[in-house]
Amino acid sequence: MSAWGTGPFENEAAADYAREVVQDGPFALAEALDVALDPDNDYLEAEEGHRAVAAAEILAAILTGDTSALTDAALRAWVQGTDPTELTHLREHALEALDRVTGPGSELPELWEDSEDEGAWRGDIQRLRAALS
């Protein structure tokens, strides 16, 4: 697994995705969530799962103003300059995407299940769900 920690941006896919969000804005958020929720996708690969978690974290930061989980300065600046009212409609998609990422048919839980950090990873997902609820 290309992860160096349990946080939403502590993996290569999400770190790359942060730059994509800065460049493409809300479109990149919606796209990552849509990919995770695509009904034609029987199995959610780790990269798509990482991107969906990162998108949910970015959305939570926009909606709550808490940017502490954002590790990229350009992303943090983009989030702080984004109007939360323009993205509230993505909240339910983000929660559904987190369900998909942690559910059956997703590679991320399989990768974390044998790790001593599984509890920390799941705890961080729960924290994120609470921030979006």
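Worth saying up front: this structure is predicted, and the values here are computed from it rather than measured.

Asker: Just give me the short version of the overall build of the chain, but keep the residues and values in it.
Answerer: From N to C terminus, the chain includes seven helices and zero strands. Taken from N to C terminus, the helices and strands of the chain fall in the order α-α-α-α-α-α-α. Taken over the C-alpha trace, the chain has a radius of gyration of 13 Å; the compact-globule value for 133 residues is 14 Å, and the two agree within 12%. With respect to the three principal axes, the spread of C-alpha positions in the chain is 40 × 30 × 25 Å.

Asker: Would you mind going over the pattern of salt bridges in detail, with residue names and values included?
Answerer: Pairing between side chains becomes possible if they bear opposite charge and their charged atoms approach one another. Across all of its chains, the model carries six salt bridges by this definition. Among the ionic pairs, Arg129 bridges to Asp99, the shortest N-O distance being 3.0 Å. Linking Arg129 in helix α7 (residues 118-132) with Asp99 in helix α5 (residues 91-102), this pair joins segments that are 30 residues apart in sequence. The exposure class assigned to Arg129 is partly exposed, which follows from its relative accessible area of 23%.

Asker: How would you explain the environment of Gln23 if you had to name every residue and give the values?
Answerer: Along the polypeptide, Gln23 turns up in helix α1 (residues 12-24). Note on Gln23: relative accessible area 66%, which makes it exposed. Taking the C-alpha atoms as reference points, Gln23 and Ala74, 51 residues apart in sequence, are found 9.8 Å from one another.

Asker: An account of empty space enclosed by the protein is needed here, citing residue identities and associated values.
Answerer: Summed over all chains, the structure comprises one cavity of 30 Å³ or more. The computed volume of the largest cavity comes to approximately 80 Å³. For the lining of the largest cavity, the element with the highest residue contribution is α7, accounting for three residues.

Asker: Give a detailed account of the side chain of Ser106, specifying residues and quantitative values.
Answerer: Mapped onto the fold, Ser106 is located in the loop between α5 and α6 (107-112). Classification of Ser106 by relative accessible area gives buried; the value is 2%. Within polar-contact distance, the side chain of Ser106 engages the backbone oxygen of Val101 at 2.6 Å. Those residues in contact with Ser106 that lie beyond four places of it in its chain are Tyr43, Leu44, Arg100 and Val101.

What counts as what
- Residues numbered from 1 in each chain as written.
- Predicted model: local features only at pLDDT ≥ 70, side-chain atom pairs only at ≥ 80, totals over all residues.
- Heavy atoms only, no water.
- Helix = DSSP H or I, 4+ residues; strand = E, 2+ residues; numbered from the N terminus.
- Rg over C-alpha atoms; globule rule 2.2 N^0.38 Å.
- Salt bridge = Lys/Arg side-chain N within 4 Å of Asp/Glu carboxyl O.
- Buried < 20%, exposed > 50% of the residue type's maximum accessible area, 1.4 Å probe, protein only.
- 1 Å grid on protein atoms, 1.4 Å probe; cavity = no way out; pocket = protein on both sides within 12 Å on 5 of 7 lines; lining within 4 Å.
- Points joined across faces, edges and corners; volume = space filled by probe spheres on them.
- Polar contact = N/O pair within 3.5 Å; in protein donor to acceptor, adjacent residues only side chain to side chain.
- Contact = heavy atoms within 4.5 Å.

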